[in-house]
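An overview of the molecular structure
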Amino acid sequence: MATGNRSVLVMVDSRAAAARRDLIHGLFDALRFWGVPHEVWDVADNFPSPPAHFNSRALYVLGHDGIGQHLKDAAVQQIAAAVQGGAGWLSFDRNVDSWPAALRELAPPQRREGTATQLSLPAGADGEHFINAGHDGSAAAWELMSAMPVTQLPELRQSGWRPLLLAGDEPVLACRQVGAGRAVFWGLGLMLYREDVWGHGRFLDGLLWRSLVWAAAKPFAMRAIPPYVTARVDDCHGAYSAFGYVDAFKRHGISPNLGLFIDELGPTDWAAVSQRYRAGEADFSMHAFRDDFYKARPDWRPYAVLADKPDLSNGGRETRFEGLSLDHDTGEALPLAQIAENVARMDKAFAAAGIRHSKIINAHYGEVGYPVIPAFLARGACFLCNNTVPGQLYANQPMWRPAPFGLRGNNGRPGVIIDRSPSHPDLYFSSVGYPSYAGQPGGADILNGHVPFLQEAKDVRKDAAIARGVSNMFRSLDMMSFAVIMTHEERIDVISLDDWNAIIDGVVAGARRAWDLIPASREQVSVIVRRLSTTALNRVDVLPDGRLQCELTGRSDGPSPLMVWLNEGEDCRRVYLELPALDGFFRSEPMALPGR
């Protein structure tokens, strides 16, 4: 298919209530998050579709069991011809025997019903493919939380299909070339993404978006988040190195957000803040004035201590938590006059260092009182990087289902929030965390439990810290989010810079083995993520000369990337085009793709 509309057509029957629930959560939430231009054909809608509705698509998707039987002959012929000509086919409908005959060759010829309690990748290099890539190979199997009916696909090789995922010993996901097009068959169905079966954000989202990307006619464009890797460090007063640990990020092109305990910094620390800010090596947020509880512990043993650090705690005898706007004990906002004084103190400290407060709100425990929100917004700070809703204590979070997937960890808090805040329409969450889920370990802080901070570990467990960091990055990139290397400075403060450097080098190197990475600023990632989410890619056309033309709606305050996928043999690779700020509606000029 050389030219035409490169949207995805999803075929559904909205009368099927159970299937509709899986579609909305399993597929359509994902399509919106990944910025995939798509339309729906609903058999329940008796108003006739235009004759050309099934023509010239990048990808045709049967959204659930039983939908294929409703396709009429004219649509069937259009789809079959389009796939032979280069379009893609993706089926979540396992009822192949009810399909029209012209479509049955788009499914594996042999199928039988089964049950899955465990999923695994095919062994050996022969099982490696773009669709099942992005894993470290150490996970031999994924244990499902609930048994799931599947369609097994035996003897695939004889019919030209390639197995991609196994349930027990039998393939349940497969792909093949069909003429100039590509077909993917999901014997799993979308039930996989129910939270009580497996769910989104738990290392298997890549199977879904990679199926879409691999099968779709190329070039294939989407408004997904590029594979950014960035960083964040909380509880910062400079450590013994006066922020020397930032150099480990700098070597990899990463610019972290640092949440400052501003009263705990000494002159050397503030000088380093100014230098790092001017060099663009970090952005800085007000975390709290102080929280030095650990200095009262007899087992607190920093690696070293700068000579000009202020001793606020009188040798650890008077430790205190002093936040900006919320009482950590009661959950009540501080008095308005005190908040105003606190904001003035914050401004004075930042001004003395010659720095601007980051656009990121990185409050200690994520606790932000309602009255301080206007002050943050007036200073350009609108991006919440924690998973805590403003106005609430860290341990008292509301039951809400934030985009993209409404994920909640074992601790009851969402792991990933890329959405407007329910507390204020101008606040925006760009929060990526890594809580444990049912049956799966987790932890956002890569050093937690792996360094001798308050007896969390006897010594520095570099391999364990690296493994957690790599796992966290895999989890983000697999769901097509951005990845964050995160820790707390008091843990950096108890290890040598050599050990710290080795850990960061190991995390980045480990992730690069499976993923292409784009090192980035934590602040700028938030800016780009919001620009992507407040605009919609509605149509992409490939012109006869191979250039792209796209249409978008929405508003953004600056440029943002268009991700475009190309075929590269059996593999796929992505390139990027830059789109300008949007104000309502935008139709691009024809755009040539880089490297073509």
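In short, a report on the structure. (Residues numbered from 1 in each chain as written. Predicted model: local features only at pLDDT ≥ 70, side-chain atom pairs only at ≥ 80, totals over all residues. Heavy atoms only, no water.)

Moving on, we come to the sheet that holds strand E24 (residues 548-555). Spatial ordering of the open sheet is given by E1-E23-E24-E27, a layout of four strands whose pairing is antiparallel. The outermost strands of the open sheet, each flanked by one partner alone, are strand E1 (4-5) and strand E27 (583-587). (Pairing = 2+ DSSP bridges. Helix = DSSP H or I, 4+ residues; strand = E, 2+ residues; numbered from the N terminus.)

With that out of the way, let us pick up helix H1 (residues 17-33). If you check H1, its first and last C-alpha atoms are 23 Å apart, about what 17 residues at 1.5 Å a residue would give, namely 24 Å. Largest kink in H1: about 40°, centred on Ile24. By the burial criterion, the buried members of H1 are Ala19, Asp22, Leu23, His25, Gly26, Leu27, Phe28, Asp29, Ala30, Leu31 and Phe33. The secondary structure elements touched by the buried residues of H1 are strand E2 (8-12), strand E3 (38-42), strand E4 (59-62), helix H3 (205-215) and strand E19 (416-421). (Expected span 1.5 Å × (residues − 1). Bend = angle between axes of the 7 residues up to and from the residue. Buried < 20%, exposed > 50% of the residue type's maximum accessible area, 1.4 Å probe, protein only. Contact = heavy atoms within 4.5 Å.)

Within the structure shown, the criterion is met by 33 salt bridges. The salt bridge partner of Arg547 is Asp545, with a shortest N-O separation of 2.7 Å. Residue class for Arg547 comes out partly exposed when judged on its relative accessible area of 32%. The network of salt bridges with common partners includes Asp247, Lys250, Arg276 and Glu281. (Salt bridge = Lys/Arg side-chain N within 4 Å of Asp/Glu carboxyl O.)

Here we come to unusual backbone geometry. At the junction of Lys218 and Pro219, the peptide bond is cis and its omega measures out at -5° in the coordinates. Note that the residue after Ala403, namely Pro404, is joined by a cis bond; omega there is 5°. Relative to the assigned elements, Pro404 resides in the loop between strand E18 (383-384) and E19. The phi angle at Phe243 is positive, at roughly 65°, despite the residue not being glycine. Within the secondary structure, Phe243 is located in the loop between strand E12 (228-236) and helix H4 (246-250). Using a relative accessible area of 0% as the deciding quantity, one classes Phe243 as buried. Despite not being glycine, Tyr365 shows a phi value in the positive range, around 60°.

What follows concerns the pairing of strand E23 (residues 535-542). Note: E1 against E23, two bridges, orientation antiparallel. Bridge pairing in E23 places Asn5 opposite Asp541. Where E23 meets E24, seven bridges bridge the pair, whose relative direction is antiparallel. Paired with Thr535 across the bridge in E24 is Gly554.

This part is about the packing of helix H8 (residues 462-478) against helix H10 (residues 497-512). It is at 8 Å that the axes of H8 and H10 come closest, and there the two elements cross at 35°. For the pair H8 and H10, the crossing hand works out as right-handed. Two secondary-structure elements touch here, H8 through Lys462, Ala465, Ile466, Gly469, Val470, Met473 and Phe474 and H10 through Asp499, Ala502, Ile503, Gly506, Val507, Gly510 and Ala511. Within the contact of H8 with H10, the residues separate by chemical class into nine nonpolar, three polar and two charged. (Axes fitted to C-alpha atoms, helices over the stretch in contact; angles between N-to-C directions. Left-handed = near helix turned anticlockwise from the far one by under 90°. Nonpolar A, V, L, I, M, F, W, Y, C, P; charged D, E, K, R; others polar.)

A few words now on the sheet that holds E19. Where strands meet in a sheet, backbone hydrogen bonds hold them as pairs that are either parallel or antiparallel. Read across the open sheet, the four strands follow the order E17-E18-E20-E19; overall the sheet is mixed. Where the open sheet ends on each side, the last strands, each with one partner, are strand E17 (360-361) and E19. Of the pairings in the sheet, the one linking E18 to strand E20 (residues 424-432) comprises two bridges and is parallel in character. Across the sheet, the residue bridging to Leu384 is Phe429, located in E20.

Before going further, it helps to examine the environment of Phe28. You can see Phe28 is positioned in helix H1. Owing to a relative accessible area of 11%, Phe28 belongs among the buried residues under this scheme. Along the sequence, Phe28 and Ser325 sit 297 residues apart, while their C-alpha atoms lie 38 Å from each other. Every residue in contact with Phe28, bar those within four places of it in the chain, is listed here: Val10, Val12, Leu23, His38 and Val40.

Looking along a regular strand, one sees the side chains alternate between the two faces of the sheet. Looking at chain direction, strand E6 (residues 112-120) and strand E7 (residues 142-152) are connected through seven bridges and run antiparallel. In the sheet register, Gly114 faces E7, and the bridge partner there is Val150. Where E6 lies against strand E8 (residues 162-167), two bridges are found, and the strand directions are antiparallel. Pairing of Leu119 across the sheet is with Ala167, part of E8.

Once that is clear, we can look at the nonpolar core. Burial of nonpolar side chains together is a common tendency in soluble globular proteins. Within the largest apolar cluster, 152 residues are counted, with the highest numbers of intra-cluster contacts made by Trp34, Leu119, Trp186 and Ile485. Among the elements that take part in this core, H3 stands out by supplying seven residues, more than any other. Leaving out residues up to four positions away in the same chain, Trp34 has contacts with Asp205, Leu208, Trp209, Leu212, Met222, Arg223, Ala224, Met479 and Met480. Grouped together as the second largest cluster of nonpolar side chains are 29 residues, Trp41, Ile67, Leu71 and Ala174 included. (Core = buried A, V, L, I, M, F, W, Y, C linked by side-chain atoms within 4.5 Å.)

Bringing the side chain of Arg408 into the picture now. Here Arg408 lies in the loop between E18 and E19. Polar contacts involving the side chain of Arg408 include one to the main-chain carbonyl oxygen of Trp400, which spans 2.9 Å. Those residues in contact with Arg408 that lie beyond four places of it in its chain are Glu195, Arg202, Gln397, Pro398, Met399, Trp400, Arg413, Pro414 and Tyr437. (Polar contact = N/O pair within 3.5 Å; in protein donor to acceptor, adjacent residues only side chain to side chain.)

A few words now on helix H6 (residues 336-353). Taking 1.5 Å of rise per residue, 18 residues should cover 26 Å, and H6 covers 26 Å from first to last C-alpha, within 8% of that figure. Within the span of H6, buried status applies to Ile339, Asn342, Val343, Met346, Ala349, Phe350 and Ala353. Summarising the axial view, the buried residues of H6 lie within an arc of 125°, below the 170-degree limit, and thus occupy one face. Among the exposed residues of H6, those pointing more than 90 degrees away from its buried face are Ala337, Glu341, Lys348, Ala351 and Ala352. In this structure, the buried side of H6 is in contact with strand E13 (257-261), helix H5 (267-278), strand E14 (283-288) and helix H7 (373-378). (Arc of directions from axis to C-beta.)

Further remarks concern the packing of aromatic side chains. Inspection of every chain in the model, using the stated rule, returns 23 aromatic pairs. Note on Phe92 and Trp186: the rings are 5.3 Å apart at their centroids and 55° apart in plane angle, and the pair reads as tilted. Of this pair, Phe92 sits in the loop between strand E5 (88-91) and E6 while Trp186 sits in strand E10 (residues 181-186), placing them 94 residues apart in sequence. With a relative accessible area of 1%, Phe92 lands in the buried category. The class of Trp186 is buried, set by a relative accessible area of 0%. Ring geometry for Phe321 and Tyr365: centres 5.9 Å apart, planes at 65°, overall edge-to-face. Taken as a pair, Phe321 in strand E16 (residues 321-322) and Tyr365 in the loop between E17 and H7 lie far apart in primary sequence, 44 residues in all. Residue classification places Phe321 among the partly exposed residues on the basis of a relative accessible area of 25%. By relative accessible area, Tyr365 is classed as partly exposed at 31%. Three or more aromatic residues joined by ring pairs form one cluster here, namely Phe243, Tyr245, Phe249, Phe284 and Trp500. (Phe/Tyr/Trp six-rings, centres within 6.5 Å; stacked < 30°, edge-to-face > 60°.)

By themselves, these observations are geometric and do not establish any function.
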